[in-house]
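The residues making up each chain are set out below.
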Amino acid sequence: MSVEPRVNEQIRAREVRLVGPEGEQVGIVPLERALQLAADVDLDLVEVAPMARPPVCKLMDFGKFKYESALKAREARRNQQQTVIKEMKLRPKIDPHDYETKKGHVVRFLKAGDKVKVTIMFRGREQSRPELGFRLLRKLSEEISELGFVEAAPKQDGRNMIMVLAPHRNVKAAASQNREAKADGGASSEGEPAIELPEVVTADQA
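Residues numbered from 1 in each chain as written. Predicted model: local features only at pLDDT ≥ 70, side-chain atom pairs only at ≥ 80, totals over all residues. Heavy atoms only, no water.

Colleague: Run through the packing of aromatic side chains, naming residues and quoting values.
Modeller: Under the defined criterion, the tally for this structure stands at one aromatic pair. For the pair Phe62 and Phe65, a centre-to-centre distance of 6.4 Å together with 25 degrees between the ring planes defines the contact as stacked. Of this pair, Phe62 and Phe65 both sit in helix H2 (residues 62–79), separated by three residues, roughly a single helical turn. This pair shows no difference in class: Phe62 is buried, exactly as Phe65 is. The ring of Tyr99 is capped by Lys139, whose NZ or CZ atom sits 4.4 Å from the centre of that ring. (Phe/Tyr/Trp six-rings, centres within 6.5 Å; stacked < 30°, edge-to-face > 60°. Helix = DSSP H or I, 4+ residues; strand = E, 2+ residues; numbered from the N terminus. Buried < 20%, exposed > 50% of the residue type's maximum accessible area, 1.4 Å probe, protein only. Lys NZ or Arg CZ within 6 Å of the ring centre and 35° of its normal.)

Colleague: If you had to explain the sheet that holds strand S1 (residues 15–19) to someone new, which residues and values would you point to?
Modeller: Strands sit in the order S2-S1-S4-S3 across an open sheet of four strands; the sheet is mixed. On the outer flanks of this sheet lie strand S2 (25–30) and strand S3 (44–49), each paired with one strand and no other. Direction aside, neighbouring strands of the sheet carry axes that sit 35 degrees apart on average. Pairing of S1 with strand S4 (residues 56–60), which is carried by three bridges, proceeds in the parallel orientation. Note on S4: the bridge partner recorded for Leu18 is Cys57. Packed onto the sheet, helix H1 (residues 31–40) meets S1, S2, S3 and S4 and runs at close to 125 degrees relative to S2. (Pairing = 2+ DSSP bridges. Axes fitted to C-alpha atoms, helices over the stretch in contact; angles between N-to-C directions. Contact = heavy atoms within 4.5 Å.)

Colleague: Lay out unusual backbone geometry in plain terms, naming residues and giving numbers.
Modeller: Here the bond from Arg53 into Pro54 is cis, since omega is -5 degrees, no more than 30 degrees from zero. Along the polypeptide, Pro54 turns up in the loop between S3 and S4. The phi angle at Asn8 is positive, at roughly 50 degrees, despite the residue not being glycine. Mapping Asn8 onto the fold places it in the segment before S1. Take Asn8: its relative accessible area is 17%, and that puts it in the buried class. Residues other than glycine seldom take positive phi values, yet Asp42 does so here, at roughly 60 degrees.

Colleague: Kindly report on the sheet that holds strand S6 (residues 115–121), identifying the contributing residues and their values.
Modeller: Taken in spatial order, the four strands line up as S5-S6-S8-S7 in an open sheet, and their pairing is mixed. The open sheet has two edge strands with one neighbour each: strand S5 (85–90) and strand S7 (148–157). With direction set aside, neighbouring strand axes in the sheet form an average angle of 20 degrees. Bridge analysis of S6 against strand S8 (residues 160–167) gives six bridges, and the strand direction is antiparallel. Paired with Lys117 across the two strands is Val164, which belongs to S8. Taken strand by strand, helix H3 (residues 96–111) contacts S5, S6, S7 and S8, and its axis lies near 170 degrees from that of S5.

Colleague: I'd like to hear about the side chain of Lys58, residue by residue, with values.
Modeller: Here Lys58 is to be found in strand S4. Salt bridges are absent for the buried Lys58, whose nearest opposite-charge side chain, Glu24, sits at 6.8 Å. Here the side chain of Lys58 touches Pro21 through a polar contact of 3.2 Å, landing on its backbone oxygen. (Lys, Arg positive; Asp, Glu negative; His and termini not counted. Salt bridge = Lys/Arg side-chain N within 4 Å of Asp/Glu carboxyl O. Polar contact = N/O pair within 3.5 Å; in protein donor to acceptor, adjacent residues only side chain to side chain.)

Colleague: A description of the nonpolar core should follow, citing residues and the corresponding values.
Modeller: In terms of nonpolar packing, the biggest core is built from 20 residues, with Leu90, Leu110, Val116, Val118, Ile120 and Leu165 touching the most fellow members. Within the residue set of this core, elements represented by two or more residues are S5, H3, S6, helix H4 (130–143) and S8. Broken down by element, the residue count for this core peaks at four residues, all from H3. When neighbours within four sequence positions are excluded, Val116 is seen to be in contact with Lys86, Met88, Val106, Phe109, Leu110, Met163, Val164 and Leu165. (Core = buried A, V, L, I, M, F, W, Y, C linked by side-chain atoms within 4.5 Å.)

Colleague: Please set out H3 residue by residue, giving values where relevant.
Modeller: Taking 1.5 Å per residue, 16 residues should reach 22 Å; H3 reaches 22 Å between its end C-alpha atoms and fits that length. Here H3 has its buried residues at Tyr99, Lys103, Val106, Phe109 and Leu110. Projected down its long axis, H3 carries its buried residues within an arc of 115 degrees, all on one side. Turned more than 90 degrees away from the buried face of H3 sit His97 and Lys111, all of them exposed. (Expected span 1.5 Å × (residues − 1). Arc of directions from axis to C-beta.)

Put into structure tokens, the structure is as follows:
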């Protein structure tokens, strides 16, 4: 949801507390005077604190500010570490068709840059045959080796055996780029991203 502030003629107040382009306090002036000062220096009058009385407005190049804000938001998304662990459960004597279906899900998760916790569930007498679980997990790890690697080796945990797969660095990077491309496309189609306005300290707060 866009929270873009009012700019220039969109501002409705009769007078505003004006802040100069370098953060200097100009004081309370009529809106017409503030608009004229903005025009004189070829800048925009931006309402940065609409709830103040009178509202606080700042002289700035709003187009440049929006561009720089979008770059910062994109960089923040790029640096954000999002670790998602999916879980896939198998039986030691799984049907070949079901195995291929489950493996397909694991492949999809890895391609999306997610880790996968693979759990082998033993029941009854199967608990006395842990080698079945090891064999199945080893087979799976070998078949997805181009996409990921075993981050946590198979380990018995009660009635279950657990292994964690993680995507290779290049696979995770490709998934991250795809997410950024979709995010950028979504921002352009759904409206401008939220704009983080500079903090302005008014004379009353100083």
